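Coordinate inspection notes
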Amino acid sequence: MYKITVVAGDGTGPEVMAEAKKVLNKTAEVFDFKLEFNDYLIGGIAYEKFGTPLPDETIKAAKDSDAVMLGAVGDWKYDTLPPEVRPERALLGIRKELNLFANLRPAIVWEELVNSSPLKPENVSGVDIMIIRELTGDVYFGEPKGVDVINGKKTGFNNMIYNEDEVRRIAKIAFETATVRDKKLCSVDKANVLDVSRLWREIVIEVSKDYPEVQLSHMYVDNAAMQLVRAPKQFSTIVTGNIFGDILSDEASMLAGSLGLLPSASLSDKGVSLYEPIHGSAPDLTGKDVVNPIATILSGAMMLKYSFKMDEAYKTIEKAIKDVLKEGYRTQDIMSENKTLIGTKKMGDLIAEKIK
Ligand code: IPM
Ligand code: MG
């Protein structure tokens, strides 16, 4: 019996989460284990009820569970709120509270969907990249930050900062991950300009000494952004800082064809992990039964794999998704000619049905 704290959040978050639960419940039935889902509030919906986007009871429940599943946060109606209570702050807050410094974002191109990518099929076919994004440091959390009047001018500033321990622990995860993949790791930085990147590179090289079997390369982030669309198959495992990882993972989703396909796992060195799709809350699509639940369903599958070590169950869900796609079913974001257009719920139903 596993206790899961579910924070579905705003916009289409609850819709995709419902489908993930559906598929996980079916998987639990088939594989004979039990999942207890406990719903808590996060984001704008939490702000409306508690005056804060990340209530204490949500943090407490998260810490006291076996894993956390998150939908998405944010809505344009909260765009005018002060920064401390904006929904996005809750996401950063829960990452920090749970010390989720390692964010695994797999970008895998499924054969069934090579034509959904805006890039040439021959370039994306076979792509299987694991982006490892540092998640609790960098310019996202660095101090000092703010908007002040400096020399008579309004001035905004953030601090891109990493200490050696923060780099070392994410580098270790990256090398471990590369070791069980195909032993190729590319560290992405901006060491030609940024001091913080020079330290990043120095520490990554230091950690590489413990992993002589892993072939390490370095790439500047601007070049990496270009190479990712030019020749994505050159990449296997990528490790990078918080902001570069944020940007490159959105870019990588277009290899797969849609933001609605990419899951993620956020891990700490001990304790609870959190699973969420990389996409946002898509408020304009809320309640229309059109968004793609696959990223959230896959995030649930990652939970089974990483938190509960259920490799078989993970593979079964992945295969169920592939089978449904093979039969030609598509949500709007991955729709193409001669395929069958279906909605969020139907996609969840079909995937759940395939699990046996
Ligand atoms: C992501 C998102 C978040 C981030 C936002 C919503 C705060 O873009 O998870 O990639 O920037 O980390
Ligand atoms: Mg992002």
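A short tour of the structure in this document, coming up. Keep in mind that this is a model prediction, so the values were computed, not measured.

Here is what the cut-offs are and how they apply
- Residues numbered from 1 in each chain as written.
- Chains lettered and ligands numbered in written order.
- Predicted model: local features only at pLDDT ≥ 70, side-chain atom pairs only at ≥ 80, totals over all residues.
- Heavy atoms only, no water.
- Salt bridge = Lys/Arg side-chain N within 4 Å of Asp/Glu carboxyl O.
- Helix = DSSP H or I, 4+ residues; strand = E, 2+ residues; numbered from the N terminus.
- Buried < 20%, exposed > 50% of the residue type's maximum accessible area, 1.4 Å probe, protein only.
- Near = heavy atom within 4 Å.
- Polar contact = N/O pair within 3.5 Å; in protein donor to acceptor, adjacent residues only side chain to side chain.
- Areas by Shrake-Rupley, 256 points an atom, 1.4 Å probe, with all protein chains shown as cover.
- Nonpolar A, V, L, I, M, F, W, Y, C, P; charged D, E, K, R; others polar.
- Pairing = 2+ DSSP bridges.

Side chains carrying opposite charge are able to pair once their charged atoms draw close together. Taken as a whole and judged by the stated rule, the model has 20 salt bridges. Between glutamate 19 and lysine 22 there is a salt bridge, with its nearest N and O atoms 2.6 Å apart. You can see glutamate 19 and its partner lysine 22 sitting in helix H1 (residues 13–31), three residues apart, about one turn around the helix. The closest approach of N and O atoms between glutamate 88 and arginine 86, which form a salt bridge, is 3.2 Å. Given a relative accessible area of 34%, glutamate 88 falls into the partly exposed group. Residues joined in a network through salt bridges with shared partners are Glu112, Lys319, Asp323 and Lys326.

Turning our eyes to something else, we now look at the site of ligand 1. Around ligand 1, a shell composed of Glu88, Leu91, Arg95, Arg105, Arg133, Tyr140 and Asp246 is seen. A distance of 2.7 Å separates an oxygen atom of ligand 1 from a polar atom in the side chain of arginine 95. At 2.8 Å from an oxygen atom of ligand 1 is found a side-chain nitrogen or oxygen belonging to aspartate 246. Here ligand 1 has 320 Å² of accessible area as a free molecule, and 77% of this is covered by the chains. Here the shell around ligand 1 gets three residues from one element, more than from any other, and that element is helix H4 (residues 87–97). A per-class count over the shell around ligand 1 returns two nonpolar, no polar and five charged.

A few words now on the pairing of strand E1 (residues 2–9). By the criterion of burial, E1 is predominantly enclosed, with six of the eight residues buried. Alignment of E1 against strand E2 (residues 35–39), held across five bridges, turns out to be parallel. Paired with tyrosine 2 across the strands is leucine 35, a residue of E2. Where E1 and strand E3 (residues 67–72) come together, five bridges link them in parallel fashion. Pairing of valine 6 across the sheet is with methionine 69, part of E3.

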